[in-house]
Each structure stands twice: as C-alpha cells, then as structure tokens.
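Okay, here's what each chain looks like letter by letter:
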Amino acid sequence: MTPMNGLLAYGAYIPRHRLQHAELGAALGTRPAPGSRSVASYDEDTTSLGVEAARRALAHGGGDGWDGFIYFATTAPAYADKTNATAIHAALDLGHRGFAVDLAGAARGGVGALRAAMTTGGLAVLADIRTGRPGSADERDGGDAAAAFLFGEGAEPIAVPIGQAAATAEFLDRWRAPGEAASSGWEERFGFESYLPLVKDAGARALERAGIEQADRVIVSSPSARTAAAAAKAFPARIPSELPAVGYAGAADLGVKLAAALDQAEPDETLLLISAADGCDAVVLRTTAALPRCRATEPASTQSAAARDVAYATFLTWRGVIEREAPRRPEPDRPAAPASARSESWKFGFVGSRCTECGRVHAPPTRVCSGCHAVDHMERAPLADKAGTIATYTVDRLAFSPSPPMIDAVVDFDGGGRCTLELADAVPEDVEIGTRVEMTFRRLYTTGGVHNYFWKARPVRNGQ
Amino acid sequence: MASNGIRDRVAIVGMGCTPFGEHWDRSTDDLLIDATEQCFASTPSITAADVDAYWLGTMSSGQSGLVLSRPLRLDYKPVTRVENFCATGSEAFRNACYAVASGAYDRVMAVGVEKLKDSGYSGLVRSNSPSDGTAPENSLTAPAAFSLLDPAYCKKYDVDPADMREAMTHVAWKNHANGAKNPRAQFRKEVPKEKIASSPIVAGRLGVFDCSGVSDGSACALIVRAEEALDYTDRPMYVKGVAMVAGPASGTIDPAYDYTTFPEVAHCAADAYRQAGVTDPRTEISLAEVHDCFTPTEIVLMEDLGFSERGASWHDVLEGRFDLGGDLLAVNPDGGLKSFGHPVGASGLRMLFENWLQFRGEAGERQLDDPRLGLTHNLGGRPGTCVSFVAIVGRELG
C-alpha cells in the first residue's frame, strides 16, 4: 500500500432550495411523505456546486502551497468531451500549473476521487445533481450537493487514512444511457444480494488494515438504499452521526456525509467510509487533534437549516422537464471562446485589478485607471471572497432568464470596487439598498450548448 | 472647456419628419424617402442633387452610407453613416453642422432613421460584439438599468417613494397629454394618471407607461451657412451650440457614483450653454426636448440640465412647472419619446423638428408663446456608462 496523504481541509455545499416530499405528493396526487430533498437552483450545475464546495474547503487557507491537483467526480457532468474540472480549477484562481480531471459518469467516481486525492495529494471535488422520472423514488429520494476534501503532506492533517480496501464486480443494478434524464434499475433484491458480500468483504479488510475491530463512526453511501441499510447494520458505529436532510447525492453522497461527520467528530476518532456502488470501497480515517481548529466554517447542518422551499413546477422547470414561456426577448449570445479565455481570471476567478498608483479597484480589470488614468499600473485584486453592499438594485421582469424575474444589484465591495451583478438565491423581498451580499459562482445561462459561467451576488444568510 | 462652438455659423432651412409608429407597411427605404421628400417639398429651391453631402444616423437599420444613397439614388455623393447609441440622430446632425461650418460644403443634410418594429420584439434589441458573457449590459434590460435611478434617488434625497412614484406618473401623463396634440406622435391619447400608476410592472417600479414606446420613423434637417439661410426660407432655425460627451463609463465600477445623476449630461449641457452664451437655462430656454426614455430619466435630467436644483426636480415636476403652460419651460412639448417611441437614429432630429415648428409658429395646439431658444438632448447607454448630446437652437441670430 502506498503511503497516504493526510486530510488537510474539507467543505460541503448544500444548495439553498428544498423540495418537500409533501409538495411532491400534493402535486402528483401520491401519498404525502415527510422529509425533503435539496435542489440545485436553476443557475447551478455540478461544476458550480463543486466550486462552492471547493471554496469552502480552501477557506482556511490550509491549501497554501498545494500543487493544484483536482479530481472532480459527478454523475451529471455539465459538459461531455470537455473536462469540467478545469472550470473549477479556474474558479479557484489556481493559475495554469496543475492537474484537473473528471471522474464523471457513475456514483463510484465520488469515492474514486477521494482515493485518488489520498494517494497523490490534491483536492477531491464531489458534486451531483440527481434527477428521476416525475413520481419516481429517485426524484423523491435524490439530493443535490457537493463536498470537497484537500489531501496533502501538510504538517497538521485533521484526519489520516489508516486503512482501505476495494471490491469490484460486474452486475447490472442501475444504469442510464448518456443523455437520459433518469436511470433504470434491475429488481432491487438482485442488486442488494450482489452488493452485500462485496460490502462485507471490503469493510472487513479495511478495518483489519486499520487495526481496529469497530469504527467510532460509520458513513455509508449507496445508490441502493437497501444495501446502505444493510451495510450500516453489518458495521455498526459506536457514535451516531447526524446527517443533513439532503437526499441521496450520487457521486457527492459519501462526501456530504463525511463532511457532516467531520463537523461533529472529536479528535482521535476512527471513521469507516463505505461506498457501495458497482462494487465496494471502504476507507478508514483517524481524526487528529487538529480537527477542531480546521472544521468547515459553514457546517452542513447549518446550510441545511437555511433552506427555502420550491414548488414542484419550479423544480421541474429548473431541471428542464418543463419548458416555460420565456419573456419576449432574444436569447443571449453564447460566450465567445477567445474572449472567455482572455478573461479567464475575471470570468472564472473573479479577479479584478487595483491601480498601484492610486489604489482604485476595477471590476472587471482594466488597463487604464478610471481614477488617476495611469496606464498598465495594475495589480491583481481578487474579489471572490469579498463581501459587498448593495448600492441600488432592480427586479428585471423583461430580461431573459431561465427563472424570471432577474434581480440585478449594484454591489460595492468591502475594500473597494463596484460591479453590477445578478443576484442568486434571492427573491425581490430579500433586497434593499444596504443589503449585504457574498459572491457565488453560477451558470448564468446556456446558449448553443455553451454554459456561461460567472459570479453572482447572494444575500448573506446571517447578515454578517 | 475645450470646444470653440459654432454659434450662429449654421442654420437649418428645411426639415422633414415622418409620423412615428408601427409602420408595418413602410420599409427603412420608404421612411427615408418620405422624410427627405417632405424636407425638399418645403424648400423648393433645393433638390437632392443640390445637397453636397449627407450624414445618416442609424443604429441598427443598416450599415454604411448606402443605406441612404441607394433608396434616394444619390449620384456619387459623400454619405456618412454614424452611430452613437441613442444620440445617433443627433450625432448625424452635429457632424453635418460641422461640415457646413468648416466651409467644406455649402448644403448638407442630416438624416436619421430607424426601423425597429421588424425585430419581432416589443423592446429595443441590440446586437452585441462577441464577448466573455460577463457584462451586465448583455442581460440587464434598458428599463431595468434606468429603474436603478428610482431607489437611489429616493434614498439620497429622502423622497417618499410614493411621491417619487407620483412624479414619475406626472412625467408620463404630461408627455402623453402633449403627444395627444401631435399628429405625428405614435400615441395620440391622453392617459389617466391612475392607468399610468397601475400599469403592469416591467422592471423595478417602472410600469409599461414609465417606458417609451418602440416605433419606426425618420426625420431630417437641411443645413446651410447662417448668412445664406434667408435665401432658402424666411424662418430659419439657427444653431447656437452642439455638445457631445462620451463618459469614461466609470459609474458602473466606481462606488462614488450614486445613480442620481448623469454626469455626462451635466458636462455636456455646461458645454452647450457656454457655446450658446446661456447663463440661466431656466429662464432663457423656452422649450426642451429631452430624452425621456423612462420616467425617472426625465426627472433626473431636469437637474443635470440645470432646470431644477439638485434633489428638487421631482417636486418641480409634480408642480407642473415643465408642463405646457408651466411656469418654467415646456419639456417635451411634442410628447417626447413617451409619445413618439424611440426609433433611435430618428429621435434626435425629431426633437429638433419640434423646435423648428415652434419657432415657425406651426406647432398647432402645442404652440408656445414667443419661443426664442430651444434645447434638444439625447442620452445613449445607461446610468453610469453613457453618451450625451445637447443642442441649443434659436429663432434669431445673435
């Protein structure tokens, strides 16, 4: 076994919106059930979810000096043929030296990204948006979320891998043809029976390699709910972990649950991770004394609490199942590739420029200072992590938007700079002059198959 | 200031202006022919062949001088097509004035045209250059951009939003009332204030009636040296000042800009007044045709053009001081963009046309008593990033 890198930092991102199962039941005339699922907004995709999780993982600055390796796992890649991890790399403002790769297509990519990052060091970004046919269990029990984990040889890891094992078998439990909106499954009992021996085998070997008989916490993820329940029973935990009410989040599921467990774990606890997806992967981590100092600043549970319900028709519209009548405006142009490449650090990294002569901040970056007119005396002014205040705003009911009305605000950044930005996760009642906002990476719209990624402002949840 | 001005150097001796509206049955070519023929009909001593050079303003109805030379079948004339956002028509006029003032030509025509209603959309649609897709201008609509003025103005001057709403309503009501008296206007009906105030919301607090319409139209002006003006008409209109400003577009990136003013307009107006020798615009200007693209725009413009004190225009508007017969000056006596719509290339020349009619005593029901100096104004772009044009014209020399 190759020496493992330690876990240096982690973060989770759970979208703001929830679909209540009761709403689903009411809309479809089915039996209403308790609970809810998380829903990515119309302007979020797995890439943007991944960026948000990665930003949270790196918020402590624990990633200083890492080599920029990114493993991105999702079952719902925004692009095929084109790597999606590169947009995440760019949004994190990591420059051009580094490695970014997708592990896209199947849920097993999630644990795959984790294991790869453990081995080589780097950031595992797990993000997913789960869909299903209207009325299906997949639609109801799925969830949209992301999590990111930074592994490296840093001096103070918050957890270290102490054992892992894998099992692989070829059997048809769940599948989806590329481009289809919903997956299909074989008879549930067949998958369950196929998984169980693999889970028991891999779990036992991982514990053995870790030199323990039972883990303090056990985190189980599987597209087969029945398998997940059986695995939890086979490997009981000493300490129960409270998991956010997200739903099964595909390639991000294991990550979201691990992040939630890390939010709660104490130093020197053992965590057994079991992913049962087309085989089984089991990993044992031991937390360290550094964990309490480096917990995620936004625990999964608090993100889960600050939710806003969506109507079922809205959910279907956001996922493209319903095509609603759009405002009578032309669709926006697709972004041009050369222009987007030239403005990579602005469009993806949200880096403006600051005049070295007079200090004025420009967003977007410019060569000529609007204050002192100095030419080419600019330095980088990263703005993605700056909060701002709304100077004035409007609700645009005429503009083309995938989810009208569009809200736009003039945002003045703390420390200088101003930019007119769309608001995300907001309704008109959330906004007034003076409202505090933070930046969030989003997909403005898609035209001609090209996703237009850029930053939006989001009202700060607790008004800090 | 850096402009020398051309006060009383050139004069308009003929004009034409089509009705503005949804001309489903008229092409761009038709509109250009209609406007120019009307002008030539009023100045029988000049034909199209006698005009030495043409300046054509259009934003989106075609490119190059051929847009004019082809339908008019002009024989080998210099025709220049210009574009400067919503000041496009005025820009054609300004350049035509300079062409005569410089001595390069004796007779020059400025023509503006826009055929908007063929686009299939109810608002202005403009094509953007290929971009990285991050500029808010690519998504935020014009009414939304101008609606940003409303909350900012209320906040800065502590104006009750209900009072501001009433002032916005008054602007629309006034301009529609004026337009009802104008046979060339697109909308020729008075609109009750209740209907304006409760119209469907478009952006921010702007309802449908807070927005100018979209229409097709064309207008033109024939310009000669001032000393030869009386050879062509007994009632020429003299050009006192023409000023144009393209701003640094820093308002949208500079927190110091507060969205309650258009600094571009203030700079531009100061230049035009200086050229024209106007020191107190409130008393010296008889009528002002201003760019009322949206009702809050007109409110803010009253301050930038020096007709109201800062923070006071909403009140002056509400008191009816800019109405026809108001105690200050008539603003948009022809009905403005509100009643005419805004065929971009034509609007600036349409504004001059109202001055032309007023000075000649041909404004019918809208006729002002003894107008002497008039102003036209265009704003192109949006708050924080725009161009501005101001012209001062007069009935007499000196």
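Residues numbered from 1 in each chain as written. Chains lettered and ligands numbered in written order. Predicted model: local features only at pLDDT ≥ 70, side-chain atom pairs only at ≥ 80, totals over all residues.

Description of the sheet that holds strand β16 (residues 361-362) of chain A
Residues and elements named next belong to chain A. Pairing is antiparallel across the open sheet formed by three strands, whose spatial order is β16-β15-β17. The open sheet is flanked by β16 and β17 (378-382), the only strands paired with a single partner. Note: strand β15 (residues 351-355) against β17, five bridges, orientation antiparallel. Paired with Ser353 across the bridge in β17 is Arg380. (Pairing = 2+ DSSP bridges. Helix = DSSP H or I, 4+ residues; strand = E, 2+ residues; numbered from the N terminus.)

Describing the pairing of strand β20 (residues 418-422) of chain A
All names here are of chain A. Of all five residues in β20, five are buried; the element is thus mostly enclosed. In β20, alternate side chains face the same way, and those of Arg418, Thr420 and Glu422 on one face and Cys419 and Leu421 on the other are all buried. What sits between the antiparallel neighbours strand β19 (residues 406-413) and β20 is a turn of four residues, in which Gly415 has the positive phi angle 90 degrees. (Buried ≥ 20, exposed ≤ 12 C-beta atoms within 10 Å, placed from the backbone.)

Observations concerning the nonpolar core
Core analysis: the largest hydrophobic core is formed by 264 residues, its most contacted members being A:Val125 and A:Ala147. When neighbours within four sequence positions are excluded, A:Ala147 is seen to be in contact with A:Tyr10, A:Gly11, A:Ala12, A:Ala53, A:Leu126, A:Ala252, A:Gly255, A:Val256, A:Leu258 and A:Ala259. (Core = buried A, V, L, I, M, F, W, Y, C linked by C-beta atoms within 7 Å. Contact = placed C-beta atoms within 7 Å.)

A word on the packing of helix α6 (residues 161-179) of chain B against helix α10 (residues 295-304) of chain B
All names here are of chain B. Following both chains from N to C, one finds α6 and α10 inclined at 95 degrees, their axes separated by 8 Å at the closest point. If you check the angle between α6 and α10, you find them roughly perpendicular. In contact with Ala167, Met168, Val171 and Ala172 of α6, α10 contributes Thr295, Pro296, Glu298 and Ile299. (Axes fitted to C-alpha atoms, helices over the stretch in contact; angles between N-to-C directions. Parallel < 35°, antiparallel > 145°, perpendicular 65-115°, else oblique.)

Some words on the interface of chain A and chain B
Across the boundary between the two partners, chain A contributes 37 residues, which contact 33 residues of chain B. For the side of chain A that touches chain B, the elements supplying multiple residues, two or more each, are α11 (337-342), α12 (344-347), β18 (388-396), β19, β20 and β22 (450-459) of chain A. Among the elements that take part in the side of chain A that touches chain B, β18(A) stands out by supplying six residues, more than any other. When the residues that make up the side of chain A that touches chain B are grouped by side-chain class, the tally is 20 nonpolar, eight polar and nine charged. (Nonpolar A, V, L, I, M, F, W, Y, C, P; charged D, E, K, R; others polar.)

Concerning the environment of B:Glu227
All names here are of chain B. Tracing the chain through its elements places Glu227 in the loop between β7 (217-225) and β8 (237-246). Classification of Glu227 by C-beta neighbours within 10 Å gives exposed; the count is 12. Sequence separation of Glu227 and Leu397 is 170 residues, and the distance between their C-alpha atoms is 9.5 Å.

Some remarks on the sheet that holds strand β10 (residues 330-331) of chain B
Residues and elements named next belong to chain B. Reading across the sheet, the 10 strands line up as β3-β2-β4-β7-β1-β8-β12-β11-β9-β10 and stay open at both edges, with mixed pairing between neighbours. Edge strands, defined here as strands with exactly one partner in the open sheet, are β3 (79-82) and β10. Pairing of strand β2 (residues 53-57) with strand β4 (residues 107-114) involves five bridges; the strand directions are parallel. Across the sheet, the residue bridging to Leu56 is Val111, located in β4. Of the strands in this sheet, β1 (10-17), β2, β3, β4, β7, β8, β11 (373-382) and β12 (385-394) are in contact with helix α3 (residues 88-101), which crosses β4 at around 175 degrees.

What to know about the confidence of the model for chain B
Of the residues in chain B, 100% reach a pLDDT of 70 or more, and the chain-wide mean stands at 96. Scored as a complex, the prediction yields pTM 0.95 and ipTM 0.93. (pLDDT = per-residue confidence, 0-100.)

Here we look at helix α2 (residues 46-57) of chain A
Residue and element names in this part refer to chain A. Over its 12 residues, α2 extends 16 Å from the first C-alpha to the last, a length consistent with the 16 Å expected when each residue adds 1.5 Å. Burial analysis of α2 places 12 of its 12 residues in the buried class, the great majority of the element. Residues of α2 that are buried: Thr46, Thr47, Ser48, Leu49, Gly50, Val51, Glu52, Ala53, Ala54, Arg55, Arg56 and Ala57. (Expected span 1.5 Å × (residues − 1).)

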